[in-house]
Amino acid sequence: MIMKTMIRVHNLTYTYEKGRPPVLKDINLQIGEGEYIAIIGPNGCGKTTLIRHFNALLLPSAGEVQVGEFNTRETKHLREIRRKVGMAFQNADNQIVGMSVEEDVAFGPGNLGLPSAEVRRRVDQALATAGLTELRTRPPHTLSGGQKQRLALAGLLAMEPEFIVLDEPTASLDPESKKKVSQLLKTLNSQGIGIVHVTHSMDEATLADRVLVLDQGELVADGNPRDILSRVDWLKSLGLAPTYITELMWRLHQAGIDVNTSIFTIDSAV
Ligand code: ADP
């Protein structure tokens, strides 16, 4: 299958403060249209710094980042870059701008100068996809943590992005809400939206088509979840803890016993 490249990272090095060692070191990476990527790595290894380059929140100290046809240094294309790549953060509270759920979702498309019928269509569709239609008139601050994360995603969806980049969106959620957000990401991806998901959860990483591992600012692995997450001892040496069930599944796999189901499904069911 020939996939068009959506995000191209070329020799990316990034330093926050002059004279300090770089936080990202010579990263090379291509992400194709519609791919579902998980990024894992120990705390402080540079995951957030890397993904902030994907919609020009940060610009490389050296090297280039290309989003679609645009180089992120071309500030005149900033709006187009940010429309292509939407970004959601761990703390959904900081992303709330509306007095009601529907107003919050309408904020982005409203700012694009679209006709009001089109804004309404996008809001209805985004709320339905995120499972928030029944909560549309609620003040956002009355939502649960998981509902707020889905609200943040609905706000991004209403912008009709090509990619959604998420920085540990489920970190503070309970297991049931985590599952709902993961299911939503899977649904969005099946609709053709590319996903870049920074996560601490190896189970969430199994949902991706491809897993990237960062360590001390370097891209140390890039491959399919099965290959990468089966390296349980190596992941542990990086300080990444596979969950008990993930480890069990992969030990079984190494012993030649394959359980034909998603690890994530099993973990959620336990
Ligand atoms: P991760 O997302 O993997 O936890 P980050 O990208 O947040 O890692 O951080 C990578 C490194 O950059 C860490 O050492 C962190 O302390 C440092 N860092 C992050 N943000 C800043 C900043 N605004 N100024 C200076 N250093 C920073």
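All of these numbers come straight from a predicted model, not from anything done at the bench.

Draft legend 1. Local environment of the overall build of the protein. Helix and strand counts for the protein stand at eleven helices and ten strands. Dimensions along the principal axes, computed over C-alpha positions, put the protein at roughly 55 × 45 × 40 Å. Within the protein, buried positions represent 43% of all 270 residues. For the protein, the share of sequence-separated contacts (at least 6 apart) that also reach a separation of at least 24 residues comes to 66%.

Draft legend 2. Representation of helix α6 (residues 175-190) within the structure. An ideal rise of 1.5 Å per residue puts 22 Å on 16 residues; α6 measures up with 23 Å between its terminal C-alpha atoms. Immediately beyond the C-terminal end of α6, within one or two residues, lies G192, with a positive phi of roughly 100 degrees.

Draft legend 3. Focus on the sheet that holds strand β1 (residues 5-14). Spatially, four strands are ordered β2-β1-β4-β5 in an open sheet, and the strand pairing comes out antiparallel. A strand with exactly one partner marks an edge of an open sheet, and here the two such strands are β2 (24-32) and β5 (70-71). As paired elements, β1 and β2 share six bridges and run antiparallel to each other. Within β2, the position partnered with Y14 by the bridge is L24.

Draft legend 4. Looking closely at the packing of helix α5 (residues 145-157) against α6. Where α5 contacts α6, the two axes come as close as 9 Å, and the packing angle between them is 15 degrees. Judged on the interaxial angle alone, α6 and α5 are roughly parallel. The chirality of how α5 crosses α6 is right-handed. Counted together, G145, G146, Q149, R150 and L153 of α5 and S177, K180, V181 and L184 of α6 form the full contact between these two elements. Looking at the contact of α5 with α6 residue by residue, the classes come out as three nonpolar, four polar and two charged.

Draft legend 5. Region of the structure containing α5. With 13 residues, α5 should cover 18 Å at 1.5 Å per step; its first-to-last C-alpha distance of 18 Å lies within 8% of that length. Counting buried positions along α5 yields twelve of 13 residues, so the element is predominantly enclosed. At its buried positions, α5 is contacted by β6 (85-88), α3 (101-110), α4 (116-129), β7 (163-167) and α6.

Draft legend 6. Here's a closer look at the nonpolar core. Counting 74 residues, the largest nonpolar core has I37, I39, A154, I164, V165, V196 and V211 as its most contacted members. The leading source of residues in this core is α5, at six residues.

Draft legend 7. Quick peek at unusual backbone geometry. The phi angle at D26 is positive, at roughly 50 degrees, despite the residue not being glycine. Residue placement: D26 occurs in strand β2. Although it is not a glycine, E168 sits at a positive phi angle of roughly 45 degrees. When you line up the elements, E168 lands in the loop between β7 and α6. A count of 20 C-beta atoms within 10 Å places E168 in the buried class.

Draft legend 8. Highlighting the pairing of strand β3 (residues 36-40). Most of β3 is tucked away: five of the five residues are buried. Burial of β3 is two-sided: the residues Y36, A38 and I40 facing one way and the residues I37 and I39 facing the other way are all buried. Across four bridges, β3 lies against strand β8 (residues 194-198) in parallel orientation. Bridge pairing in β8 links A38 to H197. Note: β3 against strand β9 (residues 210-215), four bridges, orientation parallel. Bridge pairing links I40 to V213 in β9.

Draft legend 9. Structural detail: the sheet that holds β3. With respect to topology, six strands assemble into an open sheet ordered β6-β7-β8-β3-β9-β10, the strand pairing being mixed. The open sheet is flanked by β6 and β10 (218-223), the only strands paired with a single partner. Within this sheet the neighbouring strands show an average axis-to-axis angle of 15 degrees, counted without direction. With five bridges connecting them, β7 and β8 associate as parallel partners. When the sheet's bridge partners are listed, D167 is paired in β8 with V198.

Conventions adopted
- Residues numbered from 1 in each chain as written.
- Predicted model: local features only at pLDDT ≥ 70, side-chain atom pairs only at ≥ 80, totals over all residues.
- Helix = DSSP H or I, 4+ residues; strand = E, 2+ residues; numbered from the N terminus.
- Buried ≥ 20, exposed ≤ 12 C-beta atoms within 10 Å, placed from the backbone.
- Contact = placed C-beta atoms within 7 Å.
- Expected span 1.5 Å × (residues − 1).
- Pairing = 2+ DSSP bridges.
- Axes fitted to C-alpha atoms, helices over the stretch in contact; angles between N-to-C directions.
- Parallel < 35°, antiparallel > 145°, perpendicular 65-115°, else oblique.
- Left-handed = near helix turned anticlockwise from the far one by under 90°.
- Nonpolar A, V, L, I, M, F, W, Y, C, P; charged D, E, K, R; others polar.
- Core = buried A, V, L, I, M, F, W, Y, C linked by C-beta atoms within 7 Å.

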